[in-house]
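Descriptive analysis of the structure
Take a look at the letters that make up each chain.
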Amino acid sequence: QVQFVESGGDLVQPGGSLRLSCTVSENINSIYIMSWYRQAPGKQRDLVAKHTKDGSIDYLDSVKGRFTISRDLEKDTLYLQMDSLKPEDSAVYYCNGRRFIWSLANVGSWGQGTQVTVSS
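Heads up: these notes are all about the structure in this document. (Residues numbered from 1 in each chain as written. Predicted model: local features only at pLDDT ≥ 70, side-chain atom pairs only at ≥ 80, totals over all residues. Heavy atoms only, no water.)

What to know about the overall build of the chain
Put simply, the test is: Only runs of H or I of at least four residues qualify as helices and only runs of E of at least two qualify as strands under DSSP, and these elements are numbered from the N terminus. We take the radius of gyration over the C-alpha atoms and set the globule estimate at 2.2 Å times the residue count to the 0.38 power. Buried means the residue's accessible area, taken with a 1.4 Å probe over protein chains only, is under 20% of the maximum for its type, while exposed means over 50%, and partly exposed covers the values in between. The method behind every accessible area is Shrake-Rupley, applied with a 1.4 Å probe, and residues are considered shielded solely by the protein chains displayed. Note that His is not counted, nor are the chain ends; the positive residues are Lys and Arg, and the negative ones are Asp and Glu. For the purpose of locating charges, the reference atoms are NZ of Lys, CZ of Arg, CG of Asp and CD of Glu.
From N to C terminus, the chain includes zero helices and ten strands. Put simply, the chain runs from its N terminus to its C terminus through helices and strands in the order β-β-β-β-β-β-β-β-β-β. In terms of overall size, the chain behaves like a compact globule, its C-alpha atoms giving a radius of gyration of 13 Å where 120 residues would be expected to give roughly 14 Å. Across the 120 residues that make up the chain, the buried fraction comes to 43%. Total accessible area on the chain stands at roughly 6,400 Å², and carbon and sulfur atoms take up 48% of it. Side-chain charges of the chain comprise 13 positive and 13 negative groups, with the mean position of each set lying 4 Å from the other.

A few points about the nonpolar core
The criterion, for reference: Take the buried Ala, Val, Leu, Ile, Met, Phe, Trp, Tyr and Cys residues and link them wherever side-chain atoms come within 4.5 Å; each set so joined is a nonpolar core.
Membership of the largest hydrophobic core comes to 28 residues, with the highest contact counts inside it found for Trp36, Phe67, Leu80, Met82 and Tyr93. Of all elements in the fold, only strand 3 (18-24), strand 4 (33-39), strand 5 (46-52), strand 7 (67-72), strand 8 (77-82), strand 9 (91-98) and strand 10 (114-118) reach the threshold of two or more residues within this core. Per-element accounting of this core gives the leading share, four residues, to strand 3.

Quick word on unusual backbone geometry
For Asp76, which is not glycine, the phi dihedral falls at a positive 50°. In this structure, Ser84 takes a positive phi of about 50° despite not being glycine. Along the chain, Ser84 turns up in the loop between strand 8 and strand 9.

With respect to the layout of surface pockets
Selection criterion: We place a 1 Å grid over just the protein atoms. Points where a 1.4 Å probe fits but has no way out form a cavity, open points with protein on both sides within 12 Å along at least 5 of 7 lines form a pocket, and any residue with an atom within 4 Å of a point lines it. Grid points are joined across faces, edges and corners, and a volume is the space filled by probe spheres set on the points. Three residue categories are used. Nonpolar comprises Ala, Val, Leu, Ile, Met, Phe, Trp, Tyr, Cys and Pro, charged comprises Asp, Glu, Lys and Arg, and polar comprises the others, including Gly.
Considered as a void within the structure, the largest pocket measures approximately 160 Å³ in volume. Arg38, Gln39, Ala40, Pro41, Lys43, Gln44, Asp46, Pro87, Glu88, Ser90 and Ala91 are the residues that line the largest pocket. Taken together, the residues of the lining of the largest pocket sort by class into four nonpolar, three polar and four charged.

Given below as C-alpha coordinates:
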(Lines give C-alpha, C1' and ligand atoms only; values in the text may rest on other atoms or scores of the structure.)
Protein backbone atom coordinates (compact mmCIF):
# COMPACT_ATOMS: atom_id res chain seq x y z
CA GLN A 1 0.00 0.00 0.00
CA VAL A 2 1.25 3.48 -0.82
CA GLN A 3 2.46 5.52 2.12
CA PHE A 4 2.42 9.29 2.53
CA VAL A 5 4.48 11.47 4.83
CA GLU A 6 3.26 15.05 5.24
CA SER A 7 5.41 17.89 6.57
CA GLY A 8 5.74 21.65 6.61
CA GLY A 9 2.94 22.63 8.95
CA ASP A 10 3.55 25.34 11.51
CA LEU A 11 2.08 28.20 13.52
CA VAL A 12 1.79 31.25 11.28
CA GLN A 13 0.16 34.67 11.55
CA PRO A 14 -2.85 35.62 9.41
CA GLY A 15 -1.66 36.69 5.97
CA GLY A 16 1.40 34.48 6.17
CA SER A 17 2.55 31.64 3.94
CA LEU A 18 3.50 28.00 4.28
CA ARG A 19 4.53 25.25 1.88
CA LEU A 20 3.41 21.75 2.73
CA SER A 21 5.13 18.66 1.36
CA CYS A 22 3.86 15.12 0.92
CA THR A 23 6.45 12.46 0.17
CA VAL A 24 5.03 9.43 -1.64
CA SER A 25 6.49 5.94 -1.22
CA GLU A 26 6.33 5.11 -4.92
CA ASN A 27 6.47 6.83 -8.30
CA ILE A 28 4.03 9.71 -7.92
CA ASN A 29 3.42 9.69 -11.65
CA SER A 30 1.76 6.25 -11.30
CA ILE A 31 -1.07 7.83 -9.30
CA TYR A 32 -3.61 9.61 -11.48
CA ILE A 33 -5.08 11.99 -8.91
CA MET A 34 -3.09 13.38 -5.99
CA SER A 35 -4.94 15.50 -3.48
CA TRP A 36 -4.60 17.53 -0.31
CA TYR A 37 -7.26 17.27 2.40
CA ARG A 38 -7.72 19.02 5.72
CA GLN A 39 -9.57 18.28 8.91
CA ALA A 40 -10.30 20.77 11.66
CA PRO A 41 -11.26 19.58 15.18
CA GLY A 42 -14.82 18.28 15.25
CA LYS A 43 -15.25 18.62 11.50
CA GLN A 44 -15.16 16.24 8.56
CA ARG A 45 -12.12 15.85 6.34
CA ASP A 46 -12.48 18.12 3.31
CA LEU A 47 -10.83 17.98 -0.09
CA VAL A 48 -8.72 21.13 -0.49
CA ALA A 49 -6.98 20.65 -3.83
CA LYS A 50 -6.44 17.95 -6.42
CA HIS A 51 -3.93 17.52 -9.21
CA THR A 52 -4.34 14.96 -11.98
CA LYS A 53 -1.53 13.30 -13.87
CA ASP A 54 -2.47 15.18 -17.04
CA GLY A 55 -2.24 18.52 -15.24
CA SER A 56 -5.86 19.25 -14.38
CA ILE A 57 -6.16 21.13 -11.09
CA ASP A 58 -9.11 21.98 -8.88
CA TYR A 59 -9.47 23.77 -5.54
CA LEU A 60 -11.95 24.18 -2.74
CA ASP A 61 -13.70 27.51 -3.40
CA SER A 62 -12.47 29.06 -0.16
CA VAL A 63 -8.79 28.56 -1.09
CA LYS A 64 -8.91 29.51 -4.78
CA GLY A 65 -6.38 32.21 -5.58
CA ARG A 66 -4.48 31.57 -2.34
CA PHE A 67 -3.32 27.93 -2.55
CA THR A 68 -1.30 26.24 -5.28
CA ILE A 69 -0.90 22.47 -5.66
CA SER A 70 1.98 20.95 -7.60
CA ARG A 71 3.87 17.68 -8.16
CA ASP A 72 7.61 17.10 -8.32
CA LEU A 73 8.09 13.97 -10.41
CA GLU A 74 11.79 13.67 -9.61
CA LYS A 75 11.25 13.80 -5.86
CA ASP A 76 7.92 11.90 -5.81
CA THR A 77 6.53 14.75 -3.74
CA LEU A 78 3.27 16.68 -3.74
CA TYR A 79 3.31 20.29 -2.58
CA LEU A 80 0.74 22.78 -1.37
CA GLN A 81 1.83 26.40 -1.39
CA MET A 82 -0.48 28.33 0.92
CA ASP A 83 -0.49 32.14 0.82
CA SER A 84 -2.66 34.77 2.50
CA LEU A 85 -3.50 32.30 5.23
CA LYS A 86 -6.60 32.84 7.34
CA PRO A 87 -7.53 31.47 10.78
CA GLU A 88 -10.16 29.27 9.13
CA ASP A 89 -7.36 27.47 7.26
CA SER A 90 -6.20 25.99 10.58
CA ALA A 91 -6.43 22.20 10.41
CA VAL A 92 -4.44 19.02 10.06
CA TYR A 93 -3.53 18.62 6.40
CA TYR A 94 -3.26 15.22 4.72
CA CYS A 95 -2.49 13.94 1.25
CA ASN A 96 -3.74 10.89 -0.60
CA GLY A 97 -4.47 9.78 -4.13
CA ARG A 98 -6.57 7.74 -6.53
CA ARG A 99 -4.71 5.31 -8.75
CA PHE A 100 -6.91 5.72 -11.82
CA ILE A 101 -9.48 8.23 -13.01
CA TRP A 102 -12.23 5.69 -12.25
CA SER A 103 -10.90 4.68 -8.79
CA LEU A 104 -13.37 5.03 -5.94
CA ALA A 105 -10.93 4.24 -3.13
CA ASN A 106 -7.78 6.01 -2.02
CA VAL A 107 -4.53 4.42 -3.05
CA GLY A 108 -3.05 4.46 0.44
CA SER A 109 -3.85 4.78 4.10
CA TRP A 110 -3.87 8.18 5.76
CA GLY A 111 -0.56 9.51 7.07
CA GLN A 112 -0.07 11.37 10.32
CA GLY A 113 -0.82 14.69 8.66
CA THR A 114 0.79 18.04 9.36
CA GLN A 115 -0.71 20.68 11.64
CA VAL A 116 -1.33 24.18 10.29
CA THR A 117 -2.33 26.82 12.81
CA VAL A 118 -3.10 30.37 11.69
CA SER A 119 -3.30 32.71 14.64
CA SER A 120 -2.01 36.06 15.85
